[in-house]
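Overview (structure and organization)
Chain residues, written in single-letter form:
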Amino acid sequence: MNRVILLVDMNAFFISCETSRDQSLVGIPAAVAGDPGKRTGIILAANYEARARNLKTAMTVAQAIRLCPELRLVKPDHDFYKQKSKQLMQLLNEFSPIVEPNSIDEAWIDLSGCEKIYSTPVQAAELIMTDINKRLGIPCSIGISSNKFLAKMAAEMRKPQGITELWPEQIASLLWPLPVNNMYGIGSKTADKLTAIGIKTIGDLAAVKPKLLSDMFGRSGLQLYNHANGIDPETVTMPSENEVKSIGKSVTLAKDANSPDEVRTILIKLADEIARSARKHKKQGSVIRITIKYSDFSITTRQCKINPTASGNDIFQHAYQLMTCHWKTNSSVRLVGITLANFSEEIKNRQLTLFDFDKCQLHGMHSDKHKLIQTNSLHGADDRRRLEETIDAIKQKHGKSIITRGSLLENKECSKN
Ligand SMILES: [Mg+2]
């Protein structure tokens, strides 16, 4: 069966939500912007009238008003946007039971096998677009293809209110001429590395030897190569209501940081908390995702595939590595986050005692309350997992603060989100 996958992406989502409940914003330049007093004096979403005046996301309110003095500014109302997003996902579910949200304002929808209901995929897209317009009052763009990656690329090609097909036979003419930084999944840093070795277009990327990319970017290099060639075997996956799909935590820093080293202890703490939560749900994740929010409010998210884990140490190591690779040089950062996703096999329940750790030495009394557990001697993943599971059990019995990593004892630098 040929796959038919649509990516439905809301245009200028936040400000479109506002316009749907305030008709006075129709047809005039308007934007959602935060409060300057709270470091949020930044344009979060500008409508197309404002974009025509060169307004861009993450611009300061002062810059925006200089470009467009009559700009109408609206404060963000994230609860309202979440509610609209939920309505969008429900509406898409009326067209197909297989809907996978990609973010608050977009989702993939699998229409494979619906040929008898809709004469063509374009006709289905037109019905969806009209319905979203009528019921939610929000414009959208829709990309159509046979896989998730191509559908996403197609949706980006025509905005606002575009319906674009991008089938594998059109890759050479429509996808390959695009600059490599237009490719979904490629951030500015990866794009810089690629252009530095002469890979300027998606076509250039599709033509290189895959080994070159895997040497440069590890597993994600192969994915880049496949995507550039229009190959994406990922299926549209419905998030199950009760199932934990990912576990993420982030921290707004008390003061901006300039390098991953400055947030090292914070990352250890986040990784430990995520790992504990994963173990509580008896899950192991095989994707680590990081979020870096810069002081200009631009956001970098990157992810990598790893062997399934619920170990704080593993999560930290990979997150730290990703941060080091993707942190823009000389940029100050206000928020860092880690997410563990792609959960697989269950962790088996085992009976644990502290004396499970035959390789673990107890080093006398550190203070009245603290014993120091020397973890350097724990080599295998299994040892570390058993240690972490036992620490969970101790914390559950005696409270969270009873045991902590030595490296975290001095760190009180952050406020958790
Ligand atoms: Mg979007």
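Our subject is the structure listed above.
Worth saying up front: this structure is predicted, and the values here are computed from it rather than measured.

Membership of the largest hydrophobic core comes to 65 residues, with the highest contact counts inside it found for Leu 6, Val 8, Ala 31, Ile 109, Ile 142 and Ala 151. With six residues, helix H6 (residues 148-157) is the largest single contributor of residues to this core. Ile 142 has contacts with Leu 6, Leu 7, Val 8, Ala 125, Ile 128, Met 129, Ala 155 and Ile 163, leaving out every residue within four places of it along the chain. With 28 residues, the next largest nonpolar core counts Ile 315, Ala 319, Tyr 320 and Val 333 among its residues.

Taken N-terminus to C-terminus, the directions of helix H10 (residues 210-217) and helix H11 (residues 219-228) make an angle of 140°; their axes are 6 Å apart at the nearest point. Judged by the angle between their axes, H10 and H11 are oblique. As for the relative orientation of H10 and H11, their crossing is right-handed in sense. Where H10 abuts H11, its residues Pro 210, Leu 213, Ser 214, Met 216 and Phe 217 lie against Ser 220, Gly 221, Leu 222, Leu 224 and Tyr 225. In the contact of H10 with H11, the residues fall into seven nonpolar, three polar and no charged.

Here we come to unusual backbone geometry. Of note, the amide linkage connecting Lys 159 to Pro 160 takes the cis form, showing an omega dihedral of -10°. Along the chain, the position of Pro 160 falls in the loop between H6 and strand E8 (163-165). The phi torsion at Ala 58 lies on the positive side, around 80°, for a residue other than glycine. Locating Ala 58 in the fold gives a position in the loop between helix H2 (48-51) and helix H3 (61-67). For Ala 58, a count of 13 C-beta atoms within 10 Å gives the class partly exposed. Unlike most non-glycine residues, Lys 282 shows phi in positive territory, near 55°. Mapped onto the elements, Lys 282 comes out in the loop between helix H12 (264-280) and strand E10 (285-294).

With that out of the way, let us pick up the sheet that holds strand E4 (residues 72-74). Judged by pairing direction, the sheet is mixed, and its three strands sit side by side in the order E3-E2-E4 without closing on themselves. Strand pairing shows two members of the sheet lacking a second neighbour, strand E3 (43-46) and E4, which therefore form its edges. Across the sheet, the mean angle from the axis of one strand to that of its neighbour is 30°, orientation sign disregarded. Bridge count between strand E2 (residues 30-33) and E4: three bridges; the pairing is parallel. By the bridge assignment for E4, Ala 30 is matched with Arg 72.

So, on to the pairing of strand E12 (residues 333-343). Side-chain positions along a regular strand alternate between the two faces of the sheet. Along E12, eight of the 11 residues are buried, which leaves the element largely enclosed by surrounding structure. Bridge count between E10 and E12: nine bridges; the pairing is antiparallel. Paired with Tyr 294 across the two strands is Val 333, which belongs to E12.

About the criteria used
- Residues numbered from 1 in each chain as written.
- Predicted model: local features only at pLDDT ≥ 70, side-chain atom pairs only at ≥ 80, totals over all residues.
- Core = buried A, V, L, I, M, F, W, Y, C linked by C-beta atoms within 7 Å.
- Buried ≥ 20, exposed ≤ 12 C-beta atoms within 10 Å, placed from the backbone.
- Helix = DSSP H or I, 4+ residues; strand = E, 2+ residues; numbered from the N terminus.
- Contact = placed C-beta atoms within 7 Å.
- Axes fitted to C-alpha atoms, helices over the stretch in contact; angles between N-to-C directions.
- Parallel < 35°, antiparallel > 145°, perpendicular 65-115°, else oblique.
- Left-handed = near helix turned anticlockwise from the far one by under 90°.
- Nonpolar A, V, L, I, M, F, W, Y, C, P; charged D, E, K, R; others polar.
- Pairing = 2+ DSSP bridges.

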